[in-house]
Structures are given as structure tokens and as C-alpha cells.
Amino acid sequence: MAEDSTLYTCNSIEDATNLLESALIIGQSPALIILDHSDKPREENLKFSKLLHDGIPESWIVELVPEDMPLPKDESGIFWIRRPLSEEEWAATLQQVLLRNGSPQWAAGNEI
């Protein structure tokens, strides 16, 4: 399981990229990354998501998506949560990614 328990909040892809690069340079992959796609996902956000999944496979990446966003059916190891999300859904997601499976490679991916 990734060991970094630091919490970062970022308002832009550039900020997120800089923070993640710094952590990865010193060998500290984040345990959990939460990517909020807002109400209208932009192409750059979707590309950044793909980059994260491809570049940091040991980190859990949970994506908050609008209710009407089409989701790919062929992705594994990816967790999407549709908004508005409930406290129960969020608790179940955290249980899955932080307690049951230390790394996404050990879990079957699905939409929550």
C-alpha cells in the first residue's frame, strides 16, 4: 500500500501535477487521490485522469462524476462515484479502497 498520508487540495491540474511530481520524486506515492470532475467534465480533466491511472498504478484514484456522465465499460481498477453522493456510498468506497484492498492492482474495479 502507498504510504503517503499527506492531504493535498488543488484547484488546478497544474497544481496537482506539481504536488504529485514532488511526492513521486521522493518515492512517496499517494494512497488515495480524489478527482472531482465537477458538473461538466473537461477534456483536460479526463486526460489528467488517464495520466494518473497510467502513471501511478499503486495509488487509488476515486473519481467523482456527474450523474449524467457516460462511463467507459472496459476500465478495470477504476472507481467512479456519481454525484450527488451519499455518506453511505462514501463510507463504502473508503472501506473498499483503504481497508479491504491496499492497492488497486489487488482489487476488481467497478463503478460504485
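Residues numbered from 1 in each chain as written. Predicted model: local features only at pLDDT ≥ 70, side-chain atom pairs only at ≥ 80, totals over all residues. Heavy atoms only, no water.

### A few points about the environment of Ala 16
On the secondary structure map, Ala 16 appears in helix H1 (residues 13-25). Since its relative accessible area comes to 12%, Ala 16 is described here as buried. The spacing of Ala 16 and Phe 48 is 32 residues in sequence and 9.7 Å in space, taken between C-alpha atoms. Residues contacting Ala 16, with those up to four places away along its chain left out, are Cys 10 and Phe 48. (Helix = DSSP H or I, 4+ residues; strand = E, 2+ residues; numbered from the N terminus. Buried < 20%, exposed > 50% of the residue type's maximum accessible area, 1.4 Å probe, protein only. Contact = heavy atoms within 4.5 Å.)

### Observations concerning the nonpolar core
If you look at the biggest cluster of nonpolar residues, it comprises eight residues: Ala 16, Leu 20, Ile 33, Leu 35, Phe 48, Leu 52, Ile 56 and Ile 61. Listed by contribution, the elements that provide at least two residues to this core are H1, strand S1 (32-36) and helix H2 (43-55). If sequence neighbours within four positions are ignored, Ile 56 has contacts with Leu 20, Leu 24, Ser 29, Pro 30 and Ile 33. By size, the runner-up hydrophobic cluster in this structure holds six residues, among which are Trp 60, Val 62, Phe 79 and Val 97. (Core = buried A, V, L, I, M, F, W, Y, C linked by side-chain atoms within 4.5 Å.)

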